[in-house]
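Chain by chain, the residues run as shown.
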Amino acid sequence: MGCAKMNYTEKERARLTVICILMLGAMAMQGEEAQAKKATESLLYSFTGGNDGSAPVGSLFRDNAGNFYGTTSAGGVGGYGTVFKLAPDGTLTTLHAFTGGKDGGEPRGGLVSDSGGNLYGVASSGGTIDAGTVFKIAPDGTFSVLHKFGKKSGDGERPMGNLVADSADTLYGTTEGGGAHQWGTVYKITPSGKESILYSFCNCSDGGGPDAGLLRDGEGNLYGTTGDNSGGTVFELTPKGVETALHTFTGDDGETPQSPLIADDLGNLYGTTFYSSNGAGLVFKLAPDGTITTLHAFDGTDGANPRGGLFMDSHGRLYGTTTTMGKNGHGNVFALGPQGKFSVVYSFRDRGYPEATLTPDPTGNLYGTAESGGANGMGSVFVLSVAQ
């Protein structure tokens, strides 16, 4: 049933034991997992762990020609991960191999593009004091470092999630640590590489340790999640740097959110929590008035511990991934309809552990990365054709 995953912390192992017990009990009562909407999965690329990298955990960026760009957190010539381009025919090109030095290392987020076609991302380690970097890849493939964290007092450390850009190509992101209180930051960086800290978390009422990307609205407000301060928070940061904890999780309504947020046209925020009262995590909706609703609570049989963000299609359906558990024990892809109907659309076999937000194409196919598995056990890029 797959009640194990590599590289768990002690806390995660304890949680996983609870989930396994719940999963076994639920399956004993229900027999088999309920039939879900079908999806056809195809592997676009299986990493080898060599020069092409291994363990992709970030989301994919798709250009207008159908090429995908992403990162691996390990492997490559230097052993510290890569940035890659994957053509529609499955040909992979390594755009940069990290050394763990001044260029950074171990990128765990995806890439974003500016108006000029430049790609930007973050590396969680390396740089000046091993605190991470922000990097840029030009359309001709030229790699450069925009910022090395930790060079100045109060700077952030360990950037993890995706960046978000505004109309002026200014980038915004979070760091898991560092800042004035050592509990992480929200920062911005101009196209020329000038970085400034917008907010430093103190792990008090504001939360701490943000490791997911941000959501930016039309007025310049930023929204994100923190995973510390007991259960974690959902926060808002105004352009003037005023931070508000919109919700503090207690466990019953979720715990330790590690995913970026999305919003609908009414201003409702949607996200996932890695844990919940039973240890398996959940999907939530946060209304503009602060009311939080659990849209689905995982119990292990239907997956557990979602870390990636959600994607909403034109019908209002939410799609996401769980990192583990489910029918085959290796995570799954799920759908959640506007009326709350939940279904598992694909259960990963022979290892998988997807951690990233899914990326759609114009026809409704969903693309993603799996940390392990594939033909070589080193991770993969996959596509799902979901029945509508």
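*Asks:* Would you mind showing me how to read the overall build of the protein here?
*Replies:* Summing up its helical and strand segments, the protein has 1 helix and 29 strands in all. Here the protein holds 388 residues, and the buried ones make up 58% of them. When contacts within the protein are restricted to residue pairs at least 6 apart in sequence, long-range pairs at least 24 apart make up 44% of them. About 15400 Å² of surface is accessible on the protein, with carbon and sulfur atoms providing 50% of the total.

*Asks:* Any chance you could explain the nonpolar core here in plain terms?
*Replies:* Side chains of nonpolar character tend, in soluble globular proteins, to be buried together. If you look at the biggest cluster of nonpolar residues, it comprises 14 residues, and the most contacted ones within it are Tyr319, Val333, Leu366 and Leu384. Listing elements by their share of this core, those giving two or more residues are strand 25 (332-336), strand 26 (342-347), strand 28 (366-370) and strand 29 (380-386). No other element matches the 3 residues that strand 29 contributes to this core. The residues touching Leu366, leaving out its near neighbours within four places in the chain, are Phe311, Tyr319, Leu358, Thr359, Pro360, Phe382, Val383, Leu384 and Val386. In terms of nonpolar packing, the next biggest core, distinct from the first, is built from 13 residues, Phe298, Leu310, Met325 and Phe334 among them.

*Asks:* Before we go on, may I ask you to explain the state of the cysteines in this structure?
*Replies:* In protein chemistry, a disulfide is the covalent bond that joins the sulfur atoms of two cysteines. Going through the model one piece at a time under the given rule, you end up with 1 disulfide. Put simply, Cys202 and Cys204 are joined by a disulfide, and their sulfur atoms are 1.7 Å apart. On the basis of relative accessibility, which here comes to 36%, the residue Cys204 falls in the partly exposed class.

*Asks:* Where do I start with the pattern of salt bridges in this structure?
*Replies:* Inspection of every chain in the model, using the stated rule, returns 6 salt bridges. Of the charged contacts, one joins Glu157 and Arg158 as a salt bridge, the two residues approaching to 3.9 Å between their closest N and O atoms. What makes Arg158 partly exposed here is its relative accessible area of 35%.

*Asks:* Could you clarify how one ought to interpret unusual backbone geometry in this entry?
*Replies:* Generally, phi is negative for residues other than glycine and the peptide bonds are trans, each holding for most cases. The residue Thr256 is not glycine, and still its phi comes out positive at about 60°. Inspection of the secondary structure assignment puts Thr256 in the loop between strand 18 (243-248) and strand 19 (262-263). Given the relative accessible area of 7%, Thr256 is considered buried. One non-glycine residue, Met325, adopts positive backbone phi at about 65°. As for its placement among the helices and strands, Met325 is situated in the loop between strand 24 (318-322) and strand 25. Accessibility expressed as a relative area gives 0% for Met325, which makes it buried.

*Asks:* It is not clear to me how the sheet that holds strand 2 (residues 61-62) should be interpreted in this structure. Could you clarify?
*Replies:* The strand order 2-3-4-5 describes an open sheet built from 4 strands, whose pairing is antiparallel. Only two strands of the sheet have a single partner each, and these edge strands are strand 2 and strand 5 (92-97). Pairing analysis gives 5 bridges linking strand 3 (residues 68-72) to strand 4 (residues 82-86), with the strands arranged antiparallel. Counterpart to Gly70 in the pairing with strand 4 is Phe84.

What counts and how
Note on numbering: residues in each chain are counted from 1, in written sequence order. In keeping with the model being predicted, local features are shown solely for residues with a pLDDT of at least 70 and side-chain atom pairs are shown and tallied solely at 80 or more, while totals for entire chains, interfaces and linings include all residues. Side-chain metrics rest on all non-hydrogen atoms present in the structure, leaving aside hydrogens and water. Working definition: helices are DSSP H or I runs of at least four residues, strands are E runs of at least two. Numbering for both runs from the N terminus. For every residue, the accessible area obtained with a 1.4 Å probe (protein chains only) is divided by the maximum for its type, and the residue is called buried under 20%, exposed over 50%, and partly exposed between those limits. Pairs of residues are marked as contacts when any of their non-hydrogen atoms sit within 4.5 Å. Calculation of accessible area relied on Shrake-Rupley with a 1.4 Å probe; when residues are assessed, cover is drawn exclusively from the protein chains displayed. Side-chain atoms within 4.5 Å are what join buried Ala, Val, Leu, Ile, Met, Phe, Trp, Tyr and Cys residues into a set we call a nonpolar core. Here, two cysteine sulfur atoms that lie within 2.5 Å of each other are counted as a disulfide. Here a salt bridge means any side-chain nitrogen of Lys or Arg lying within 4 Å of a carboxyl oxygen belonging to Asp or Glu. For two strands to be treated as a pair, DSSP must find at least two bridges joining them.

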